[in-house]
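Residue-level structure breakdown
Listed here are the chains, written in short residue letters.
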Amino acid sequence: MSTAKQTTAAPAADDEETVLAEISGMLRTMLDEYGLDDLEIAVESRFMEDLELESIDLVTLAGSLQARYGRRVNFAEFVAGLELDEIIELSVGRLVEYVVGCLKAAEGS
């Protein structure tokens, strides 16, 4: 009988592909509630223009991000640092880059 521990390698949480999949899942859940489950979510998708999300939806997304990543990712702080036109044009890819950067920074501290 072996006493060696089995460990399963989890995908790196700071991997862009993993983060994109997780954020896409959060957005898919939100879009499903509006009956917009046929919208494609890609890195170039803009929250307001392409995904038809409103500012209140960004608050919901902030809650989902906090639930998943904890204090390592502060979406409110990220948005507060943007100009209005940058918020309007915010894309999934830009958010993914921000989250990955936060996760890598937290790893290094």
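Above this text you will find the structure in question.
The structure contained in this document is the topic of the report that follows. In this text the structure is predicted, and so the values were computed from the model without any measurement. (Residues numbered from 1 in each chain as written. Predicted model: local features only at pLDDT ≥ 70, side-chain atom pairs only at ≥ 80, totals over all residues. Heavy atoms only, no water.)

**Brief notes about the nonpolar core**
Formed by 31 residues in total, the largest nonpolar core has its most connected members in Leu27, Phe47, Leu95 and Val99. At the level of elements, α1 (16-33), α2 (55-69), α3 (75-80) and α5 (92-108) are the ones that each hand at least two residues to this core. Element by element, the count of residues in this core is highest for α5, at 8 residues. (Core = buried A, V, L, I, M, F, W, Y, C linked by side-chain atoms within 4.5 Å. Buried < 20%, exposed > 50% of the residue type's maximum accessible area, 1.4 Å probe, protein only. Helix = DSSP H or I, 4+ residues; strand = E, 2+ residues; numbered from the N terminus.)

**Quick look at the packing of aromatic side chains**
Within this structure, the stated rule accounts for 2 aromatic pairs. Ring geometry for phenylalanine 78 and tyrosine 98: centres 4.2 Å apart, planes at 20 degrees, overall stacked. Placement of the pair is phenylalanine 78 in helix α3 and tyrosine 98 in helix α5, with a sequence separation of 20 residues. Across this residue pair, the class does not change: phenylalanine 78 and tyrosine 98 are buried. Site record: aromatic cluster; members linked through ring pairs are Phe75, Phe78 and Tyr98. (Phe/Tyr/Trp six-rings, centres within 6.5 Å; stacked < 30°, edge-to-face > 60°.)

**Examining the side chain of aspartate 57**
Residue placement: aspartate 57 occurs in helix α2. The buried charged residue aspartate 57 lacks any salt bridge partner; its closest oppositely charged side chain belongs to arginine 28, at an N-O distance of 13 Å. Of note is the side chain of aspartate 57, whose polar atom sits 2.7 Å from the backbone nitrogen of glutamate 54. With residues up to four places along the chain from it excluded, the contact list for aspartate 57 reads Met30 and Tyr34. (Lys, Arg positive; Asp, Glu negative; His and termini not counted. Salt bridge = Lys/Arg side-chain N within 4 Å of Asp/Glu carboxyl O. Polar contact = N/O pair within 3.5 Å; in protein donor to acceptor, adjacent residues only side chain to side chain. Contact = heavy atoms within 4.5 Å.)

**A few points about the packing of α1 against α2**
Their axes nearest at 10 Å, the elements α1 and α2 cross at an angle of 135 degrees. The pairing of α1 with α2 is recorded here as oblique in orientation. As for how α1 packs across α2, the hand of that crossing is right-handed. Here α1 contributes Val19, Glu22, Ile23, Met26, Leu27 and Met30 to the contact with α2, which in turn contributes Asp57, Thr60, Leu61, Ser64, Leu65, Arg68 and Tyr69. Class assignment of the residues belonging to the contact of α1 with α2 gives a composition of 8 nonpolar, 2 polar and 3 charged. (Axes fitted to C-alpha atoms, helices over the stretch in contact; angles between N-to-C directions. Parallel < 35°, antiparallel > 145°, perpendicular 65-115°, else oblique. Left-handed = near helix turned anticlockwise from the far one by under 90°. Nonpolar A, V, L, I, M, F, W, Y, C, P; charged D, E, K, R; others polar.)

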